[in-house]
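Fold and geometry: a report
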Amino acid sequence: MHQFLKNTITSDDFMQSVHEIHDQQIHFTYLQAIVDQELIHHEILHRIQVSEASFHDLQTLQTIIPIVNIKISSNVDEITQHLIKGYIFVQLESDLNQGLLIQILDQKRGYRGNNEADNEYSVIGPKVGFVEDIDTNLNLLRKELLTEHLRFEEKILGTISQSRVMIVYVEGICNPQHLDTVRQRISGLDVDVLFDSSILDQIISDNPNSPFPLFMSSERVDRAKFNLLNGQVAILTSGSPYVISGPVTVFDFFASPEDYYLPWLLASFFRCLRYLGVAFSILASPLYVALLTFHYSVIPQSLLGPIIESRTNVPFAPIIEVLLLEFTVDMLREAGVRLPTKVGQTLGIVGGIVLGTAAVQAALTSNILIIIVSLSALPSFATPIFKMANTIRFLRFPLMFLAAAWGGLGIAFGLVLLLGHLLRLKSLGIPYLTPAFPFRYREYADSIIRSSLSLTKYRPSYLRPLQRQRYQVSNPKPKHNDYNSE
């Protein structure tokens, strides 16, 4: 069997070693790249050496080694698959036709120790994030949700990568229909390699051709915990620090976990501010193009003079001027994201100031447009979810082309198409615009705004949770002491 395994796994990290203990020769077979040899010496060899019990068969040897995941096997295919996953195959010289499969994989090897949520930073609240190790992520969820109803279902995807995919839900809250939908879509996959949970997100979504994200993708533990307690299904993938969950609505992407750590008035104000910022980000540049191309009469007289003066020496049409500046801002952003943090921040600040000043002095653009494009870029940074921020950045460009072609009518036509697309979108069968469509006024308490705890004690009805009530709010009036009576 030794030679057969070596011929099957023709890799340079395939290791076979022999150790003699208590007059018995023990053969070890493993892959050096994923197995720590120090753990072999400490957890197996040392335990056998200090043991006074004699062993002449695998059953006796199994009782000596204090490891849970041990089993006897003689199936070559099974042994090969377990070796690839990080198991060790232990055989005795007296019986080389079978051996012990021992799981002694160092789960932390090759993974980062920092688990802060860098891309979803929050000033208030927990800052713990997921990492690339799926077992660590499951441990984080277990620590945060101390309930016996938390369920994990493991699937293996990828004929080459053999990636572990874990479906997570809270039994008794999550609707079985959502769970069955996720199981069905994952079970029907046939892929070679699953690189990240974002790839799985695109494959199993209701409409993979939509620019809008149909699953919530987050690296924050508190957001994943909140989604699970709402009745959503979460999906974890080995090698990915992001957890995807669904079903979701478009309003979920503008809600931050930080909203629940602030008083509800402040949280509602900031959430509405995000919506206004998104509307400005999408419409500001197209409106500039439409007004300066077709609708000069709409501009107030007090603003018409400064606009004409700022564009006196600009040789380009408004659409070319806007595209040039938008392209510059997006290139600065892309470059800043992919550079080291300190260098990226310096490039964004210095590049924006230098290029903006140079563009105005060279008469390539106007001062007013620089202000509009800069203000349009800010809301995308305020959007809590990065995927939705990218969608907002993309939507400006088709609206700008429509505005250049037909002015305000083109913008209206583009918004109608956008609304029609949103009305047709679904996430695991749930309408994407809920509670706006279908209209459910009770759900506005925790979608458009974030109301007080007394109004948000019920889980969203569109998720169809088995247990509707989250908590009971008891707020008795405090007794006032009459100090003057004493």
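Going by the structure above, here's the rest.
This write-up is about the structure you can find in this document.

Focus: the overall build of the protein chain
- What the protein chain contains, in helices and strands, is 15 helices and 12 strands.
- Residue burial in the protein chain is summarised as follows: out of 486 residues, 44% are buried.
- Across the protein chain, the fraction of contacts at a sequence separation of at least 24, relative to all contacts at a separation of at least 6, is 65%.
- Accessible area for the protein chain stands at about 25,600 Å²; split by element, carbon and sulfur atoms hold 59% of it.

Description of the packing of helix 9 (residues 264-293) against helix 15 (residues 408-424)
- Two numbers describe how helix 9 lies on helix 15: the axes approach to 9 Å, and their chain directions differ by 150°. The pairing of helix 9 with helix 15 is recorded here as roughly antiparallel in orientation. Contacts between helix 9 and helix 15 involve Leu-283, Pro-286, Leu-287 and Ala-290 on the former and, on the latter, Gly-408, Ile-411 and Leu-415.
- Class assignment for the residues of the contact of helix 9 with helix 15 results in six nonpolar, one polar and no charged.

Some words on the pairing of strand 5 (residues 95-103)
- Of the pairings in the sheet, the one linking strand 3 (residues 70-73) to strand 5 comprises four bridges and is antiparallel in character. Opposite Ile-70, over in strand 5, you have Ile-102 as the bridge partner.
- Across five bridges, strand 4 (residues 87-92) lies against strand 5 in antiparallel orientation. Paired with Tyr-87 across the strands is Gln-103, a residue of strand 5.
- The turn joining strand 4 and strand 5, which pair antiparallel and follow one another in sequence, is formed by two residues.

Considerations on unusual backbone geometry
- In this structure, the amide linkage connecting Thr-434 to the following residue, Pro-435, adopts the cis form with an omega of 10°.
- Of note, Pro-435 is situated in the segment after strand 12 (430-431).
- One non-glycine residue, Leu-428, lies in positive phi territory at about 55°.
- Residue position: Leu-428 is located in the loop between strand 11 (426-427) and strand 12.

Definitions and limits used
Residues numbered from 1 in each chain as written. Predicted model: local features only at pLDDT ≥ 70, side-chain atom pairs only at ≥ 80, totals over all residues. Heavy atoms only, no water. Helix = DSSP H or I, 4+ residues; strand = E, 2+ residues; numbered from the N terminus. Buried < 20%, exposed > 50% of the residue type's maximum accessible area, 1.4 Å probe, protein only. Contact = heavy atoms within 4.5 Å. Areas by Shrake-Rupley, 256 points an atom, 1.4 Å probe, with all protein chains shown as cover. Axes fitted to C-alpha atoms, helices over the stretch in contact; angles between N-to-C directions. Parallel < 35°, antiparallel > 145°, perpendicular 65-115°, else oblique. Nonpolar A, V, L, I, M, F, W, Y, C, P; charged D, E, K, R; others polar. Pairing = 2+ DSSP bridges.

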